[in-house]
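Remarks on the overall topology
Single-letter residue listing:
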Amino acid sequence: MNVLLVAVGATFGAYFRNELTAVSKKAKIDFPWMTLCINILGSFILGLVTAQITDRQLLLLLGTGLCGGFTTFGTFNFELSQLWFQKKYLRCFVYFCSSYIFGILGFIIGVTL
């Protein structure tokens, strides 16, 4: 049952991430801003879920599944390495730092609300 809960949550999380990413591709911005926003929002939601929900199965569905499927460490690393290989070092550094700093802050804000 737990695996099914995680799978259902991850399916919806990945779907939402895909839809937001598709919207962002229409904007010709040379910075992975949508992945940054998705990861910050996902961290915030995970903070809310962690602080507000005590039911283990609901945590699996929303925290592990939905937030895990919505946020994306693989895409983050791919985009980070692309910036590096394109010699866009400043953007790479800004993306790296802002992802971690604002991701952690988003989680903390979510937990404290």
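About the thresholds
Residues numbered from 1 in each chain as written. Predicted model: local features only at pLDDT ≥ 70, side-chain atom pairs only at ≥ 80, totals over all residues. Heavy atoms only, no water. Helix = DSSP H or I, 4+ residues; strand = E, 2+ residues; numbered from the N terminus. Expected span 1.5 Å × (residues − 1). Buried < 20%, exposed > 50% of the residue type's maximum accessible area, 1.4 Å probe, protein only. Polar contact = N/O pair within 3.5 Å; in protein donor to acceptor, adjacent residues only side chain to side chain. Core = buried A, V, L, I, M, F, W, Y, C linked by side-chain atoms within 4.5 Å. Contact = heavy atoms within 4.5 Å. Axes fitted to C-alpha atoms, helices over the stretch in contact; angles between N-to-C directions. Parallel < 35°, antiparallel > 145°, perpendicular 65-115°, else oblique. Left-handed = near helix turned anticlockwise from the far one by under 90°. Nonpolar A, V, L, I, M, F, W, Y, C, P; charged D, E, K, R; others polar.

Another aspect to go through is helix α5 (residues 89–112). Here α5 spans 34 Å end to end across 24 residues, near enough to the 34 Å set by a 1.5 Å rise per residue. Within the sequence span of α5, burial applies to Cys92, Tyr95, Ser98, Ser99, Gly103, Gly106 and Gly110.

Moving on, we get to the side chain of Ser24. Relative to the helices and strands, Ser24 resides in helix α1 (residues 2–24). Among the polar contacts made by the side chain of Ser24, one reaches the main-chain carbonyl oxygen of Thr21 at a distance of 2.8 Å.

This part covers the nonpolar core. If you look at the biggest cluster of nonpolar residues, it comprises 6 residues: Leu36, Phe76, Leu80, Leu83, Cys92 and Tyr95. Of the residues forming this core, the biggest block, 3 residues, is contributed by helix α4 (residues 73–85). If we skip the residues at most four places from it in the chain, Leu80 touches Cys92, Tyr95 and Phe96.

A few words on helix α2 (residues 33–52). Given a rise of 1.5 Å per residue, 20 residues ought to cover 28 Å, and the 28 Å separating the end C-alpha atoms of α2 matches this to within 8%. Those residues of α2 that fall on the buried side of the exposure criterion are Met34, Thr35, Leu36, Ile38, Asn39, Gly42, Ser43, Gly47 and Val49. Each element contacted by the buried residues of α2 is listed here: α1, α3 (56–70), α4 and α5.

Across the interface, α2 lies against α5 with an axial gap of 7 Å and an inter-helix angle of 25°. Classified by the interaxial angle, the pair formed by α2 and α5 is roughly parallel. Classified by chirality, the crossing of α5 by α2 is right-handed. Facing α2, whose interface residues are Thr35, Leu36, Ile40, Ser43, Phe44, Leu46, Gly47, Leu48, Thr50 and Ala51, α5 presents Tyr95, Ser98, Ser99, Phe102, Gly103, Gly106, Phe107, Ile109, Gly110 and Val111. A breakdown of the residues in the contact of α2 with α5 according to their chemical character gives 11 nonpolar, 9 polar and no charged.

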